[in-house]
Amino acid sequence: MGNPLELQVQQSILDFTMGDYEAAHQKLDSVLSADSKYFEALLAKTEVFYATKDYEAARGSAERAEKVRPEDVHLKTSLSRIWMQLGDKGRAEAYAAEAKMLSWKEELLQNPDSGDAQT
């Protein structure tokens, strides 16, 4: 049997994809009451808030997630999208740049020879 918190997050994602945002929020709140720093729940909550156009709540959830895992590409991309919706293009671009750098870093770690110059 898997991690029960992860199972609840997965079930909330199913609720979200089926359009049941309230059920998704309830499951994620349950996870976060058990572990307030559960990254996957914070990230999922961010996406549910974003989908319902509650950008301030999405920002709050994303900022909590950023404290837990500051170098997550998906999270930085979400923060970029959120700040764009909130009208702060400068912050949106800064987060987009961070996401791009983290993506490159991950790619180099997975393919260490890809950074070598061709001669």
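Predicted model only: the values in this text are computed from it and were never measured. (Residues numbered from 1 in each chain as written. Predicted model: local features only at pLDDT ≥ 70, side-chain atom pairs only at ≥ 80, totals over all residues. Heavy atoms only, no water.)

S.K.: Give a description of the layout of surface pockets that names residues and reports values.
M.R.: Within this model, the largest pocket holds a volume of roughly 170 Å³. Lining of the largest pocket is provided by 15 residues; of these, Ile13, Glu40, Leu43, Ala44 and Glu47 occupy positions nearest its centre. Of all the secondary-structure elements, those providing two or more residues to the lining of the largest pocket are helix H1 (4–17), helix H2 (21–34) and helix H3 (39–51). Broken down by class, the residue content of the lining of the largest pocket amounts to nine nonpolar, three polar and three charged. (1 Å grid on protein atoms, 1.4 Å probe; cavity = no way out; pocket = protein on both sides within 12 Å on 5 of 7 lines; lining within 4 Å. Points joined across faces, edges and corners; volume = space filled by probe spheres on them. Helix = DSSP H or I, 4+ residues; strand = E, 2+ residues; numbered from the N terminus. Nonpolar A, V, L, I, M, F, W, Y, C, P; charged D, E, K, R; others polar.)

S.K.: Give a detailed account of the packing of aromatic side chains, specifying residues and quantitative values.
M.R.: Under the defined criterion, the tally for this structure stands at two aromatic pairs. Geometrically, the ring pair formed by phenylalanine 16 and tyrosine 21 is tilted, given 5.4 Å between the ring centres and 45° between the ring planes. You can call phenylalanine 16 partly exposed: its relative accessible area is 24%. The interplanar angle of 65° and the centroid separation of 5.2 Å between the aromatic rings of tyrosine 50 and tyrosine 55 together place this pair among those described as edge-to-face. Over the face of the ring belonging to tryptophan 83 we find arginine 91, whose NZ or CZ atom lies 4.4 Å from the ring centre. (Phe/Tyr/Trp six-rings, centres within 6.5 Å; stacked < 30°, edge-to-face > 60°. Buried < 20%, exposed > 50% of the residue type's maximum accessible area, 1.4 Å probe, protein only. Lys NZ or Arg CZ within 6 Å of the ring centre and 35° of its normal.)

S.K.: Help me get a handle on the confidence of the model for the protein chain, residues and values and all.
M.R.: In the predicted model, the protein chain carries a mean pLDDT of 92, and 94% of its residues have values of at least 70. The spread of mean pLDDT over the elements of the protein chain runs between helix H6 (residues 89–110), the lowest at 90, and helix H4 (residues 55–68), the highest at 98. (pLDDT = per-residue confidence, 0-100.)

S.K.: Please provide a residue-by-residue account of H3, values included.
M.R.: The first and last C-alpha atoms of H3 sit 18 Å apart over 13 residues, in line with the 18 Å expected at 1.5 Å per residue. When you tally the buried positions in H3, you get eleven out of 13 residues, the bulk of the element. Of all the residues in H3, the buried ones are Phe39, Ala41, Leu42, Leu43, Ala44, Lys45, Thr46, Glu47, Val48, Phe49 and Tyr50. Those residues of H3 that are buried lie in contact with H1, H2, H4 and helix H5 (73–85). Just downstream of H3 lies lysine 53, where phi reads positive at about 65°. (Expected span 1.5 Å × (residues − 1). Contact = heavy atoms within 4.5 Å.)

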